[in-house]
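# Coordinates in review
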Amino acid sequence: MRRYVIRRIFQNILTFFLFITAIYFMLDAQPGDFGDIYLSDPRLTPEMRQTLRAQLGLDRPVHERYALWLYNLFQGDLGTSYSNFPRDVLDVIIERAPRTLVLFITATISAYYLGFVAGKILAWRRGGFTEYSTTVAGVALYTVFLPWFALMMVWFFAYTLGFFPIGKFLDPVIWRGAPVDANYVFHRMLVSVMITSLFIFASFSFARRLNPGQRRITIWLGVAIGLGGLLLYWITTGVGRYAFDIAHHLILPILTLTLVNFAGIMLLTRNSMLETIREDYITTARAKGLKDIVIRDKHASRNAMLPVATSFILALAFVLDGGVITETIFSWPGMGLTLLTAAQVNDIPMVIGALVFTGFLALTAHLIADIYYAFLDPRIRYT
Amino acid sequence: MADVTQTPPQPSESLALEVPIWQKRIRLIWRQVRNNVALFAENPIGLIGLGIIFIYAMMIVIYPLLIGNVWDPNIYHPVVGIDQSLPFHPAAPSSDHLLGTDPLGRDILSQLMFSTRTAFILGIVASTVTLIVATSIGAVSAYYGGIVDTIFMRTADLMIMTPTITILIVLGALISLDIFDLAVVIGLLSGLGAATIIIKSQALTIKVRTYIEAARVAGGSNFHIITKHIIPNLLPISFLYMMFTVSAAIGIEAVLSFFGLLDIRMSWGLMIRTTEYSGYLLDFSKWWLIFPASLSISLLTAAFYLVGRALDEIVNPRLRKR
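Residues numbered from 1 in each chain as written. Chains lettered and ligands numbered in written order. Predicted model: local features only at pLDDT ≥ 70, side-chain atom pairs only at ≥ 80, totals over all residues.

### Considering the overall build of chain B
For chain B, the helix and strand inventory stands at 14 helices and 0 strands. If you list the helices and strands of chain B from N to C, you get α-α-α-α-α-α-α-α-α-α-α-α-α-α. The C-alpha atoms of chain B give 25 Å as radius of gyration, which overshoots the globular expectation for 322 residues (20 Å, by more than 25%). Dimensions of chain B along its principal axes, counting C-alpha atoms only, are 90 × 45 × 40 Å. Within chain B, buried positions represent 43% of all 322 residues. (Helix = DSSP H or I, 4+ residues; strand = E, 2+ residues; numbered from the N terminus. Rg over C-alpha atoms; globule rule 2.2 N^0.38 Å. Buried ≥ 20, exposed ≤ 12 C-beta atoms within 10 Å, placed from the backbone.)

This is the structure we're talking about:
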């Protein structure tokens, strides 16, 4: 297992290197260069332009510039953003990346969990009206034009029902005169939610070893203590209502992204389950007289999980793209929206920075999926 | 080679020659097509998809007939037409404008029908590029293996992880992309990515079949074996991936024109963009501005996806119902 993980990490670093190289040369091949943005001032004489070019390093050959850029990248220096001048690109990324990560991770986990459960149940009830209607609904969600779907969600939940705010990260009226800034609250939210999830996860894995009678109580107790502790923490900090405001803004984008990703997982789980149900060990389990639900949850669905785990690697790009669109529609100031606005105003350092971040996110998720896959399927580990 | 051709005449030769070989071949193909059509027709989901595609294809046929004869080009032109008889735009649906007009006074139905052609051209070009790229690379890398295989498979790994829309947003913002550029880029990205891996794994199972051995023993060159034996057997699964590429391409185009990053005159995505920058985006009482275009994008994407799924059940018998 360790050798496998080390090999995958090494391969991923190589892929990341290829990715950023491809990004650099793709953007370098665009008409005009970085200097044109500074050099468009007509008062500058040709000599001054030449000096500026030399100072920016734009007169050097492309491989030299690439080497320098790579050197700076590993120093953690991604340059200065034009549209957020004079902030560093890295600074902007550090501020906005957590917002994207929250959206991405929460939506992915809930989509996979819900999709897997729904697909499992769907495959068990083959045929009839339920199957067709759910499949059609699933395909509709999977292929729906995402900006339109997001707008419908905004229109329905925020505009008509008024449950949620329409887009944006926070409500400036509430935040007027706030003692702390948004990033302070947001980072604390992240850490506290992460600790709570870890606690609940630990109580789940602890409960699995107990006998069925105690299991339920332990799980409920774990969830109650976790959520109670979270609530207590936010009440005592005194900035609870700011945290609530951010969370309130977060629900609708997560819901949208989850729904869109959920459908594909559901359809795939269903197909995978249909193949698993035909295996001999399912017939054996039936012949033993096991309960239907035990066969479904313990015999069929665990083996049907493999293709779903593979699909995560394939669907990663889809989820990231969905994130960009969702962020744009909801004006959620994460990396996706940053990338789009930076690209529209030719803020090349910011674009490269955002793409490097996206590549990094994709590769890390890919690595985690790979390790999880090896954990699920021993055949991968030992080859 | 010479030895093979000089085999003694078979006793059944006269019998076999009664029916020429091409007739037999056609009959075989016809039988296969009939079987597959029957399988396809069993599945209502595939038929629904085909029906939707047919309806939109009809729009392409009807549109040129309408625009010159029934509709006055000055009023109904999808890009520059304007109906000056109406006092206020966007106007609600009426007998003149079945789907109303947009904020610039252009007829929505006319725009919708005009854009259908754009969507189909985009889908067909992108999927053809995918078909050619994925099938040839899949066949070549499965057949030769080794370094060729490694290079293409690592490229595919990279392509799978590349968020297409994100990359295209950057490209679209920096250079001017028209519909053909976009189609070729989408075709290349999807052709070098997941489609290649799946087609290659199919090609690997074909490569070890006995008829490939037979062809090699008979002296067939590598080129002959790949083009005459491997690729024809890969076509069903490649065709399946064409459907998914069409579906993806239409969706990507819509998103990009919605963001205003494409250099095209009219498309469904652009219709929604017009709505957006005129400030009617959340005004659903003027539903004709956003619903026809969005629904068309979703429906046509879903239709190609459904046809792909139905074809999947033909190509991949394990998914069929018992």
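So, next bit.
### So, the overall build of chain A
When its secondary structure is counted, chain A shows 16 helices and 0 strands. In terms of overall dimensions, chain A has C-alpha extents of about 90 × 55 × 40 Å along its principal axes. Looking at chain A as a whole, 32% of its 383 residues qualify as buried. Taking as baseline every contact in chain A between residues at least 6 positions apart, the subset at least 24 positions apart corresponds to 73%. (Contact = placed C-beta atoms within 7 Å.)

### Focus: the interface of chain A and chain B
Tallying the contact residues gives 38 residues for chain A and 35 residues for chain B. Only helix 1 (2–28), helix 6 (128–143), helix 7 (146–160), helix 11 (240–277), helix 13 (292–329), helix 14 (335–344) and helix 15 (348–376) of chain A provide two or more residues apiece to the side of chain A that touches chain B. A per-class count over the side of chain A that touches chain B returns 28 nonpolar, 8 polar and 2 charged. (Nonpolar A, V, L, I, M, F, W, Y, C, P; charged D, E, K, R; others polar.)

### Observations regarding unusual backbone geometry
Residues and elements named next belong to chain A. Even without being glycine, Ser331 reaches a positive phi, approximately 50°. Tracing the backbone shows Ser331 in the loop between helix 13 and helix 14. In this structure Ser331 comes out as partly exposed when scored by C-beta crowding, with 13 C-beta atoms within 10 Å.

### Considerations on the environment of Ile251 of chain A
Looking at the secondary structure, you find Ile251 of chain A in helix 11. Taking the number of C-beta atoms within 10 Å as the measure of exposure, Ile251 of chain A has 14 and is therefore partly exposed.

### Some details on the confidence of the model for chain A
Detailed reading of predicted coordinates is not advised where the pLDDT is low. Counting all residues, the mean pLDDT for chain A is 84, and 96% of those residues have values of 70 or more. For chain A, helix 2 (residues 35–39) of chain A is the element with the lowest average pLDDT, namely 61, and helix 12 (residues 280–287) of chain A is the one with the highest, namely 90. (pLDDT = per-residue confidence, 0-100.)

### What about the environment of Thr118 of chain B?
Residue and element names in this part refer to chain B. Inspection of the secondary structure puts Thr118 in helix 6 (residues 108–144). Judged by local crowding, Thr118 falls into the buried class, with 21 C-beta atoms found within 10 Å. Between the C-alpha atom of Thr118 and that of Phe180, which follows or precedes it by 62 residues, the distance is 9.9 Å. When neighbours within four sequence positions are excluded, Thr118 is seen to be in contact with Ile179, Ile264 and Ser267.

### Overview of the nonpolar core
Counting residues in each nonpolar core, the largest one holds 154 residues, and the members touching the most others are Val351 of chain A together with Ile169 of chain B. When residues of this core are assigned to their parent elements, the largest contribution, 18 residues, is made by helix 12 (residues 222–258) of chain B. Those residues in contact with Ile169 of chain B that lie beyond four places of it in its chain are Leu339, Leu340 and Ala343 of chain A together with Phe259 and Leu261 of chain B. (Core = buried A, V, L, I, M, F, W, Y, C linked by C-beta atoms within 7 Å.)

### Some points on the environment of Gly279 of chain B
All names here are of chain B. Tracing the sequence through the fold places Gly279 in the loop between helix 13 (268–277) and helix 14 (287–315). What makes Gly279 exposed here is the crowd of 9 C-beta atoms within 10 Å. Sequence separation of Gly279 and Pro103 is 176 residues, and the distance between their C-alpha atoms is 9.5 Å.

### Remarks on the packing of helix 5 (residues 89–124) of chain A against helix 9 (residues 182–207) of chain A
All names here are of chain A. Look at helix 5 against helix 9: their axes get within 11 Å of each other, and the N-to-C directions meet at 40°. Taken together, the axes of helix 5 and helix 9 lie oblique to each other. In this structure, helix 5 meets helix 9 at a crossing whose hand is left-handed. Of the residues in helix 9, those touching helix 5 at Glu95, Pro98 and Val102 are Asn183, Phe186, His187 and Leu190. Of the residues contributing to the contact of helix 5 with helix 9, the split by class is 4 nonpolar, 2 polar and 1 charged. (Axes fitted to C-alpha atoms, helices over the stretch in contact; angles between N-to-C directions. Parallel < 35°, antiparallel > 145°, perpendicular 65-115°, else oblique. Left-handed = near helix turned anticlockwise from the far one by under 90°.)

### Examining helix 13 of chain B
The periodicity of an α-helix, 3.6 residues per turn, causes residues three or four places apart in sequence to face the same way. Residue and element names in this part refer to chain B. In terms of burial, helix 13 is largely enclosed, as 8 of its 10 residues are buried. When we look at burial in helix 13, the residues that qualify are Trp268, Gly269, Leu270, Met271, Ile272, Arg273, Thr274 and Thr275. Residues of helix 13 that are buried make contact with helix 6, helix 12 and helix 14. Looking one or two places after helix 13, you find Gly279, whose phi comes out positive at around 85°.

### So, the confidence of the model for chain B
All names here are of chain B. Chain-level pLDDT for chain B is 85 on average; 93% of the residues reach the 70-or-more range. Here helix 1 (residues 2–5) is the element of chain B with the lowest mean pLDDT, 48, and helix 6 is the one with the highest, 92. Interface confidence for the predicted complex, expressed as ipTM, amounts to 0.81; the pTM equals 0.84.

### Details of the packing of helix 8 (residues 164–174) of chain B against helix 12 of chain B
What describes two packed helices is the angle between their axes and the distance between those same axes. All names here are of chain B. Following both chains from N to C, one finds helix 8 and helix 12 inclined at 45°, their axes separated by 11 Å at the closest point. Our classification of the angle between helix 8 and helix 12 gives oblique. Our pair here, helix 8 against helix 12, has a crossing hand that is right-handed. Contacts between helix 8 and helix 12 involve Thr164, Ile165, Leu168 and Gly172 from the former and Ile252, Val255 and Leu256 from the latter.

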